[in-house]
Amino acid sequence: MTASEIRQQFLDFFASKGHTIVPSAPIVLKDDPTLMFTNAGMNQFKDYFLGNKVPAHTRVADTQKCLRVSGKHNDLEEVGIDTYHHTMFEMLGNWSFGDYFKKEAIAWSWELLTEVYKIPVDRIYVTVFEGDASENLPKDQEAYDFWKQHIAEDRILLGNKKDNFWEMGDTGPCGPCSEIHVDCRPDNERQAVDGKTRVNNDDPQVIEIWNNVFMQFNRMKDKSLVPLPAKHVDTGMGLERLVRVLQGKTSNYDTDLFMGTIHTTEKLTGKTYKGTDDKSDVAFRVIADHIRAISFTIADGQLPSNTGAGYVIRRILRRAVRYYFSFLDVKKPLLAELVPVLAAQFSHVFPELEKQVDFVKKVVFEEESNFLRTLDSGIRRIEDFMQQAATKAIDGQTAFELYDTFGFPFDLTSLIAAENKFSVDEKGFDVAMQQQKERSRAATKLDTSDWVVLDETPDVIFVGYENLEATTKLLKYRSVSAKGKDQYQLVLSKTPFYAESGGQVGDTGILHFDEEIIHVTDTKKENNLIIHFTDKLPANPAAHVKAVVAKEKRRDIARHHSATHLLHAALRQILGTHVAQKGSLVNAEGLRFDFSHFAKVTDEELAQIETIVNEKIRANIPVVIKELPKEEALQLGAMALFGEKYGDVVRVVVIDPAYSVELCGGTHVGATGELGLFKFVSEGAVAAGVRRVEAVTGAEALAFINNQLQQLKEVKAALKNPKEIVKAAETLVQDKASLEKQVEALEAEKVRQLGNELKAKVQSINGINFLGQVVSVSNAEGLKQLATQLKADLPDHVLIFAANIAGKASVALAIDESLVASKGWEAPKLIKEHVAPLIKGGGGGQKSFATAGGQDTDKLDQVIKAIQQLIN
């Protein structure tokens, strides 16, 4: 069976058991502050487990894109080294929300594996929770007894809390779990060693393929366990491992899920994948794994960057580049060529990649190209260090700098060091790495208390589309502490406050608890909860609440949000239908809009786009908002954003059906005329294939234009009020350029004359032509020109010139290449050791010529003497 057939059989099986098949959520999480990525199939259903939302279906099943780069068995640096762990993987899952429980979950697991997939019974082992006395948790006898109905008792193994008690996190829903393991070893090995001794023992051929989690408890802040009001089933089966078992392979990478990518990599590199543990085969596996994580995450809206989730993707991409650079001898972008292969392979199940294949390929190509240049810089950094090192050792801090700045893993630094007979301080590197991790944890640490629940009402009602005020009540609250600041989070039964989402910032305003006023500083979403941030708690939490949104601010935000819809449509009209939104920020002060486009937007194009938007504003078009079934909305031509999770019923914003129809949960104006005026503020690049424009509307647009006119007025006054201001400015620029050329010519002549005068001061010291002088030049380039002029006429030379230039020390040192070879004198090294300390600065350059700059101009004569003493 192919992987596609295996996936479909799973979904069909659970559909036959009354499950609704739902699509995968995006791999990038936007409304869960506790996670960057979807790392388990249950993430999109957290609200149901937490009791924040009532599920539309009590039985569901799906295949979910997941990404894990940390945690048990999932450290990024280990992926590709073994045969069964991955960064991105597919999690097949079936869920029961207060419906069936252990009996059905266990029976259906057994039926699917043994009757549908026909895995031999004598290769299967199961585990159940053995209990934990410290938590007063008994053995899961219920699960044990249900398993006895299907499998021999000697194949039911007891597991400890680490392996058989699943927890969402430090707090939250949890419960005992029952894992299913398959022994894939050859018969002779199975006869020699009992498979039950290999379960959960890191044997690559005895692997867990399915975990049935029985959600029974809620873990509180004080670590106590409270029974959940309803019991749930949460299962997860890794498709990659299942396919490996059913296709009879010893490695996940030998299945059709990965071999297409591996075969293409073989063609591109001219190397052969043998399936061994050598570095080249590890490189093949790393590439096959990482390109999936990179491509699907970019397709779901997360671009590589230097922070947060974007940094994780950049790190994964760079690890793949390091492997093909070091072990497949590829020095040009490779990953980008694999994106179309992946897109075609998954087009039927995850079509979002195929729909954006050119964009994703472009982003990956640019990231690879940039990192390959960084690798070259890092290699030069290592080579420079080794040339100047006093001992044959690279210290831990330098090794960490190479990792942190240039993306060099420790093993690559060690490899280059070993080739040059250098050692690397691994302990020092580990210390520096740990210090960075501690700094990062301290910067992001969030201490959250348990919710104080006043009312168990599960659904929070948002009334803010129609009303900016509401009479409501407090459902629950908790305290949070981050970066030394204490705040409180309040959840209301109904609220007019819009929670930050879809690029629109959260509302601010006031909560009246009877006579007491509580200021709302921000509003955010956590899964399905709308959370109001405040700096204090009400004295009487049970008081009646009047919630009031800051109206003027909301109106300004709504204007800018409606403007993004007008802008998006105009961009597609002028630049092309390839334009797709890649991010946005909408607040009271303006809007920021990121979109896919591979070239700078010209001034002419910006003017055309601006004209279209302002025409739509003057037309005062009604902004019509409808709620429709998602499929009906898409049939109307509504644009859905990649990486967004939409429900069965969606909100559609229509600004002229022939112009702009988008799915959007944000707040909007009633008609486009309320925007008043639209004006671009800036345009630029954000990442490969992504441009960013910033714009303002209404009073902000008028203020921007007035500011620009005031600046123009001041420029005109400075130019003595010419009739043609542009022509006057152009003349001024031309005159400046002409004068600069004249000054350069005069400076060059001055330096030439100075050089002729200095020739008489050359000293012969031990057969070396030495010339050292503090001179008067207007810039550092003059020192370089002076050295270049004189060294041509002086064989075996050492020339050093120093100058006080605008209060800063500047030095140039030239050494004849014959002396570099015979004496071992290298200009950068001499600058670093003998010049930089004197002038309190630094410098560098090539072996025969280097420069330095510093703060101290009082010791320029000592600089000359220091170099002269070296050759005496």
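Source: prediction; values computed, not measured.

**Q** Now, about the overall build of the protein: what can you tell me, with residues and values included?
**A** Counting its regular elements, the protein contains 25 helices and 35 strands. Taking the principal axes of the C-alpha coordinates as reference, the protein spans close to 105 × 80 × 55 Å. Sorting the 872 residues of the protein into buried and exposed places 49% on the buried side. Partitioning the intrachain contacts of the protein with sequence separation of at least 6 by distance along the chain shows that 68% fall at a separation of at least 24. Surface accessibility of the protein: about 39800 Å² in total, with carbon and sulfur atoms responsible for 50%. Seen as two clouds, the 104 positive and the 121 negative side-chain charges of the protein have centres 3 Å apart.

**Q** Give a detailed account of empty space enclosed by the protein, specifying residues and quantitative values.
**A** Tallied over the full model, the rule gives one cavity of 30 Å³ or more. Taken as a whole, the largest cavity holds about 30 Å³ of empty space. What lines the largest cavity is V798, W825, L830, I867, L870 and I871. Top contributing element to the lining of the largest cavity by residue count: helix α25 (residues 860–871), with three residues. A per-class count over the lining of the largest cavity returns six nonpolar, no polar and no charged.

**Q** Tell me about the pairing of strand β15 (residues 469–472), and name the residues and values.
**A** Residues in a regular strand point their side chains to alternate faces of the sheet. Going residue by residue along β15, you find A470 and T472 tucked away on one face and E469 and T471 left uncovered on the opposite face. Both β15 and strand β22 (residues 545–549) contribute to a ladder of four bridges, which runs antiparallel. Looking across to β22, one finds that T472 is bridged to V545.

**Q** Could you give me a rundown of a negative patch on the surface, with the residues and numbers involved?
**A** Taken together, D395, D425, E426 and D430 make up a surface patch of like negative charges. Residue placement: D395 occurs in the loop between β10 (393–394) and α14 (396–406). In this structure D395 comes out as partly exposed when scored by relative accessible area, which is 34%.

**Q** Describe helix α17 (residues 551–575), listing the residues and the values that go with them.
**A** If you check α17, its first and last C-alpha atoms are 36 Å apart, about what 25 residues at 1.5 Å a residue would give, namely 36 Å. A positive backbone phi angle near 130° is found at G576, which sits one or two residues after α17.

**Q** Outline the sheet that holds strand β30 (residues 763–765), listing residues and values.
**A** Spatial strand order, β30-β31-β32-β33-β35-β34: six strands in an open sheet with mixed pairing. Either end of the sheet is taken by a strand with one partner, and the two such strands are β30 and β34 (841–846). Averaged over all pairs of adjacent strands, the angle between their axes in this sheet comes to 20°, without regard to strand direction. Pairing analysis gives six bridges linking β34 to strand β35 (residues 849–854), with the strands arranged antiparallel. If you follow G842 over to β35, its bridge partner there is G853. Packing of helix α24 (residues 827–839) onto the sheet brings it into contact with β32 (797–805), β33 (808–815), β34 and β35, and relative to β35 it is tilted by some 20°. Across the sheet, α25 is in contact with β30, β31 (768–774), β32 and β33; its angle to β31 comes to roughly 170°.

**Q** Describe the pairing of strand β23 (residues 581–586), naming the residues involved and giving the relevant values.
**A** Two strands pair when backbone bridges link them, and β23 and strand β24 (residues 591–596) are joined in this way by five bridges, in the antiparallel orientation. Paired with Q581 across the bridge in β24 is F595. Where β23 folds back onto β24 in an antiparallel hairpin, the turn is made up of four residues.

**Q** Lay out unusual backbone geometry with the relevant residues and their values.
**A** Backbone geometry at K118 places phi at a positive 60°, although glycine is not the residue there. Considering the arrangement of structural elements, one finds K118 in the loop between α3 (102–116) and β4 (124–129). Using a relative accessible area of 60% as the deciding quantity, one classes K118 as exposed. One non-glycine residue, D329, lies in positive phi territory at about 55°.

**Q** Tell me about the nonpolar core, residues and numbers included.
**A** Counting 117 residues, the largest nonpolar core has I209 and L335 as its most contacted members. Broken down by element, the residue count for this core peaks at 12 residues, all from helix α9 (residues 279–299). Those residues in contact with L335 that sit more than four places away from it in its chain are I287, I291, I294, L317, A320, V321, Y324, V364 and E368. Grouped together as the second largest cluster of nonpolar side chains are 30 residues, A569, F593, I655 and V693 included.

**Q** Before we move on, can you summarise the sheet that holds strand β28 (residues 678–687) with the specific residues and values?
**A** Read across the open sheet, the four strands follow the order β23-β24-β29-β28; overall the sheet is antiparallel. Lying at the two open borders of the sheet, with one neighbouring strand each, are β23 and β28. Looking at each pair of strands side by side, their axes are set apart by 15° on average, direction ignored. Across the sheet, α17 touches β23, β24, β28 and β29 (690–697), and the angle it forms with β24 is around 30°. Strands in contact with helix α18 (residues 603–618) are β28 and β29; relative to β28, the strand with the most contacts, it is inclined by about 135°.

**Q** Quick rundown of the packing of aromatic side chains? Include the residues and the values.
**A** By the definition in use, this model includes 28 aromatic pairs. An aromatic cluster of three or more residues is present, and its members are F45, Y48, F49, W95 and F97. In this structure, K139 packs its charged tip against the face of Y144, placed 4.1 Å from the ring centre. Here R155 stacks its cationic end above the ring of Y125, 4.5 Å away from the centre of that ring.

So, how was this worked out
Residues numbered from 1 in each chain as written. Predicted model: local features only at pLDDT ≥ 70, side-chain atom pairs only at ≥ 80, totals over all residues. Heavy atoms only, no water. Helix = DSSP H or I, 4+ residues; strand = E, 2+ residues; numbered from the N terminus. Buried < 20%, exposed > 50% of the residue type's maximum accessible area, 1.4 Å probe, protein only. Contact = heavy atoms within 4.5 Å. Areas by Shrake-Rupley, 256 points an atom, 1.4 Å probe, with all protein chains shown as cover. Lys, Arg positive; Asp, Glu negative; His and termini not counted. Charge placed at Lys NZ, Arg CZ, Asp CG, Glu CD. 1 Å grid on protein atoms, 1.4 Å probe; cavity = no way out; pocket = protein on both sides within 12 Å on 5 of 7 lines; lining within 4 Å. Points joined across faces, edges and corners; volume = space filled by probe spheres on them. Nonpolar A, V, L, I, M, F, W, Y, C, P; charged D, E, K, R; others polar. Pairing = 2+ DSSP bridges. Patch = residues over 30% accessible without salt bridge, like charges linked within 9 Å, V, L, I, M, F, W, Y side chains within 5 Å. Salt bridge = Lys/Arg side-chain N within 4 Å of Asp/Glu carboxyl O. Expected span 1.5 Å × (residues − 1). Axes fitted to C-alpha atoms, helices over the stretch in contact; angles between N-to-C directions. Core = buried A, V, L, I, M, F, W, Y, C linked by side-chain atoms within 4.5 Å. Phe/Tyr/Trp six-rings, centres within 6.5 Å; stacked < 30°, edge-to-face > 60°. Lys NZ or Arg CZ within 6 Å of the ring centre and 35° of its normal.

No statement about biological role is implied by the geometric values presented.
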